[in-house]
Amino acid sequence: PEIGVRRHTAKVVSIVAFALGAENAIAMINGVSSSPVEAARYTAARSIMEIANLLSHGISKHLGLLVPLFERLLIDSSRVKSETAVALAQTAEACAPYGIEHFGPLMKYVREECRRGVGSTAAAFLRAFGAIVPLMEPRDAQQYTADIMPTLVHQFSTPEPELQRVMMNVVRKC
């Protein structure tokens, strides 16, 4: 039940962002993301994802405000990191083909977690990787893809269908 409430709260925050301006909602999310309560930080990450869904390419002009939030949330607990990686992927997909200058600094976190490759966190970070790499210059994209390919090959033998689906999408995009 709690997860449903958190998801609905995130949707409401995205609607408020759409109606009153994303700057105001992002400022509120910034405060929530600093909370000592893990569930609140999870909701902050989910809210970013919902705002990216609703605003689509309009989220691009707010990337400067979002990157510090992503940096803070990408080093949080496993649950918050996973949701943040999904939000990062959604935001990168919404901004395509622009925004790599903002997403570039986040690649060290994404690449590190992809290499670690543990459970559901791996799927979320691989999805973020697959969303950011197509925004790069071809030379940089090739370098990052070559770097992560051994992990993809190793993870492909996983019995988890969700992870396999995400890996196929990453290979297709990269």
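Attention here is on the structure that accompanies the text. (Residues numbered from 1 in each chain as written. Predicted model: local features only at pLDDT ≥ 70, side-chain atom pairs only at ≥ 80, totals over all residues. Heavy atoms only, no water.)

A few words now on the packing of aromatic side chains. With the rule as written, the count across this model stands at zero aromatic pairs. When the ring centre of Tyr42 is taken as reference, the NZ or CZ atom of Arg79 above it lies at 4.3 Å. (Phe/Tyr/Trp six-rings, centres within 6.5 Å; stacked < 30°, edge-to-face > 60°. Lys NZ or Arg CZ within 6 Å of the ring centre and 35° of its normal.)

To continue, consider the pattern of salt bridges. Under the defined criterion, the tally for this structure stands at twelve salt bridges. A salt bridge links Arg116 to Glu113; its shortest N-O distance comes to 2.6 Å. Remark: Glu113 and Arg116 occur in helix H7 (residues 107–116); sequence separation between them is three residues, near one turn of the helix. Taking the relative accessible area as the measure of exposure, Arg116 reaches 44% and is therefore partly exposed. Looking at Glu113, the relative accessible area reads 7%, which means it is buried. With a closest N to O distance of 3.2 Å, Asp140 and Arg139 form a salt bridge. The partly exposed category is assigned to Asp140, whose relative accessible area is 26%. Judged by its relative accessible area of 62%, Arg139 falls in the exposed class. A single network of salt bridges, built from pairs that share partners, joins Lys11, Arg46, Glu50 and Glu83. (Salt bridge = Lys/Arg side-chain N within 4 Å of Asp/Glu carboxyl O. Helix = DSSP H or I, 4+ residues; strand = E, 2+ residues; numbered from the N terminus. Buried < 20%, exposed > 50% of the residue type's maximum accessible area, 1.4 Å probe, protein only.)

What follows is about H7. The set of residues buried in H7 consists of Met107, Tyr109, Val110, Glu113 and Cys114. Looking down the long axis of H7, one finds its buried residues gathered within 160° of arc, a one-sided arrangement. Of the residues trailing H7, Gly117 is marked for its positive phi of about 55°. (Arc of directions from axis to C-beta.)

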